[in-house]
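# Observations on the model geometry
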Amino acid sequence: MDLNKIQVSPKKRTPWQAVDVGFKMATQWYRSLFILYALPFFLFSIGIFLVLSDHPIWAGLIIWWLKPLFERAPLFFVSRALFGEVQPVKTVFNQWLKILKFDWLGSLLWRRFSFTRSYDLPITLLEQVSGKTRAKRLRVLHQQGTSESILLTMMCFLSVFVFQYALIALLALLVPIDYFGDVFNWYSSNSIHVSYYQIASVLLTVSIIEPFYICAGFMLYINRRIELEAWDIEISFRNMLEKEKYIGAGKLPTILVFGALLVGGLTFSPTPVYAQSNDLEHQVLHNDFDQVNNKDEAKSRINDIFKGEDFTNEETISAWRLKSFEYDGDLNWLEKLINAFGRWFEKHFANSGSGDIEVSGYLNNVAFIIKALLISALLIVISILIYRYRTNIAYLIGYSKKLPLNNSTKETNTLFGLDVTQESLPENIPEEVITLFKAGNTRQAIGLLYRATLSKLMTEKGFRFDESYTEGECLAVVTQGDDNSLTGFISDMTTVWQQLAYGHVQPTEETLNTLCNRWSGVFSNAE
Amino acid sequence: MDINLAKDKLNNIKNALNTVLIGQENVVDQVLIALLANGHILIEGVPGLGKTLLVRALSGCFAGDFKRIQFTPDLMPSDITGHVMYDNEANKFRMRSGPVFTNLLLADEINRAPAKTQSALLEVMQERQVTIEGHAKDLPHPFMVLATQNPIDQEGTYPLPEAQLDRFLMKVFIEYPSLENEIALSKTVTSGTLSDDTFLKSDPIVTPDELLELQKMASNIVIDDQVTEYAVKLVRATRENSSIQHGAGPRASIALLRAAKAKAVINGNDFVTPDDVKAIAYPVIRHRISISAEMEINGLTHDQVLLQVFNQVEAPRV
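Throughout what follows, the structure given in this document is the object of discussion. In this text the structure is predicted, and so the values were computed from the model without any measurement.

## A look at the overall build of chain B
Scanning chain B from terminus to terminus reveals 14 helices and 11 strands. Sorting the 318 residues of chain B into buried and exposed places 51% on the buried side. Contacts in chain B between residues far apart in sequence, at least 24 positions, make up 77% of those at least 6 positions apart. Accessible area of chain B: about 14,100 Å², with a carbon and sulfur share of 50%.

If you want it as structure tokens, here you go:
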């Protein structure tokens, strides 16, 4: 294993990032991985089916049970390929039995149902540790990435089913529609051929998915080792060393730091399987420790180096952070109330001879439950409100351009673009209308009269109009008032207004005068 | 023909139809609007409400051709449009025109034919022509498709695709008549005053040429810019509301204005008011939108959602 030849960037990643890199690795060497897994798997499966040809279920069960053994060859391949040693498939097959030999029984018995199998397999196959050493190693590794490896197993398990049903759907799509029912009847029958078809589809889908599963688990393992053993730092120092060698003027302090950190890394790293250090590094280490045996002096030098340009990288970043706040004790009143109630309750119980009840503790629990319920209720109310007004919120924040529905009818001061408030109207409406008409401003005159009419209807008669109401709808509202003279006037007024506004028909002076007279009669408070 | 004469003629048709189809005045009005606006109409109602009767009665009032196609699952597109056949006697190919070559076409139970057959009407309805063997042939003028469909008993039916629905100017619902109207209807039919072929015996009220003139009058009627803007705003509001998943397109705006003009003529007005637009907006838009799942779960109909949407659109500002 040569760390310098590692094919992925050796940096610390989150477990899911590691899984992604694993999937990428699988696609990189998919052909070899698929052959390494599928070929022995299929051959073995055919053999088992031939032996147990009348019992496909048993055959399928045996194949499934032995499945972990077939994962080893692809893992062996990818563990070499990751460090630049892409071996021919044939070479791996030559070592196949050797690969299977270590701990095969444990893999098939007590570790068969492990949900972290792909994560643990490298320890079995590559580190080849067992017993307490293995348990200790697993404890260290599983401090991170365990849940991800479990979820990975479950995802791949479900993916097998998805692919399997996709194959069934594919079969159904390829069958002419007239025979569709026949195919499904066949598929739902207990025929042995159906069992073979199902098992064959599972074998195929398992073979497709397994390379991804193995590589993702392996990358989780590598990611953990990168973190534990600081491979990234080690490789950086190696690069620095190479640079120093190239320049030809080795700087002692740099080498010292490299040595100290390397030694530190080796001391704290728990594994027997490390990237091999070369002779030059050993030589440098020995020389450094011979020369620098004063601990304080070394520390001082290290600190000086840390302050140097190579180890100083100042960046100014800005980001949102949660403000730290302390609980201000607003709910103390509740606690006090419950405690007071508890004291009363305790006293009461003491008087009645029930002293064996832990009232105080009990009430504390009750208080805690009430507190939890109150907070839950608050959260529920907030959630309901957000859900209820989600469209409005989305519209307000610009997420959605669609308006929410609004069922309410609002009273308005503007109708058809006309200001219908009392304040906007002149004192003597009919006089003003006739003046405007005589001045040739017919539209303004009729507009004023209609506006005044609507205003009076709202202020004096108590009608309510919405902004969306058309003239006809306003008339319909007035008609419901059962005032015939008013309805008649509004009907005529509306007709004249509509003829002018939409039909561009000018009313005669006589019509206008009649309307003005009737207007004065209809609205009692008119001037 | 002036507006009053047009109103009289249309009133005559309306009265004739109302005599046959008692208690469905709104439906009759809307069918006439579609006829006048040179559009097609989709009539939906449960069996026994007189959908087919209405169309046959309309054909009785009209001197033009009327043909009927009963849509069935095995109906082929060529059964509608026609086809080319070899004439042995003449020793040449001859085109056999389908039933679409008429003035009024009743597409009865349109949703019982598969999509392929329904699609044969797309070109017919939009471009008013039929293409057979690469040759386009114009349909007679005026031409109107009156399709019926049943909202229940959906087994074995093929819902009309959106593109097909959009080509109908209006979708009209025939509801159950009121008690009084149903009593009157029952009395009329059982006393022998009215029979199924009454309308066929009546004299035609309008000729194709007169109908074309009425349609021309409707299309030339005055419409103020504010009213046009209001119609477009109503249609656009259906696209900008979260309770509607898919709103109506620009074709709906055009249809709404055409229908509003026709409504104004029927009302005897030579100009269009916002009332005309708003009143006709429901049958014009209801089949061009799909309401959101939330509204459907709440049990709201298309018209109820439209009502709420239209309530958010301000009336014209003059």
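Moving on from the model shown.
## A look at helix 25 (residues 509-522) of chain A
Residue and element names in this part refer to chain A. Here helix 25 contains 14 residues, and its C-alpha end-to-end distance of 20 Å stays within 8% of the 20 Å for a straight helix at 1.5 Å per residue. All buried positions along helix 25 are accounted for by Leu512, Leu515, Cys516, Trp519 and Val522. An end-on view of helix 25 places all buried positions within 130 degrees of arc, on one side of the element. Exposed residues pointing more than 90 degrees away from the buried face of helix 25 are listed as Glu510, Asn517 and Gly521. Looking at the packing, one finds that the buried side of helix 25 touches helix 21 (429-438), helix 22 (442-459) and helix 24 (484-501).

## Describing empty space enclosed by the protein
All names here are of chain A. In this structure the tally under the stated criterion is three cavities of 30 Å³ or more. Taken as a whole, the largest cavity encloses approximately 100 Å³ of empty space. If you trace the largest cavity, you find it lined by Pro68, Glu71, Ser107, Arg111, Ser114, Arg117, Asp120, Leu121, Thr124 and Arg134. Here the lining of the largest cavity takes four residues from helix 9 (residues 117-127), the largest share from any one element. The residue makeup of the lining of the largest cavity, split by class, is two nonpolar, three polar and five charged. Roughly 40 Å³ of internal volume is contained in the second largest cavity.

## Some remarks on unusual backbone geometry
A cis geometry characterises the amide bond from B:His141 onward to B:Pro142, with omega recorded as -10 degrees. The residue B:Pro142 is located in the loop between strand 7 (135-138) and strand 8 (144-149) in this model. Unusually for a residue other than glycine, A:His504 sits at a positive phi of about 55 degrees. For A:His504, the position within the fold is in the loop between helix 24 and helix 25.

Parameters and conventions
Residues numbered from 1 in each chain as written. Chains lettered and ligands numbered in written order. Predicted model: local features only at pLDDT ≥ 70, side-chain atom pairs only at ≥ 80, totals over all residues. Heavy atoms only, no water. Helix = DSSP H or I, 4+ residues; strand = E, 2+ residues; numbered from the N terminus. Buried < 20%, exposed > 50% of the residue type's maximum accessible area, 1.4 Å probe, protein only. Contact = heavy atoms within 4.5 Å. Areas by Shrake-Rupley, 256 points an atom, 1.4 Å probe, with all protein chains shown as cover. Expected span 1.5 Å × (residues − 1). Arc of directions from axis to C-beta. 1 Å grid on protein atoms, 1.4 Å probe; cavity = no way out; pocket = protein on both sides within 12 Å on 5 of 7 lines; lining within 4 Å. Points joined across faces, edges and corners; volume = space filled by probe spheres on them. Nonpolar A, V, L, I, M, F, W, Y, C, P; charged D, E, K, R; others polar.

Interpretation note: all reported values are geometric properties and have no functional meaning in isolation.
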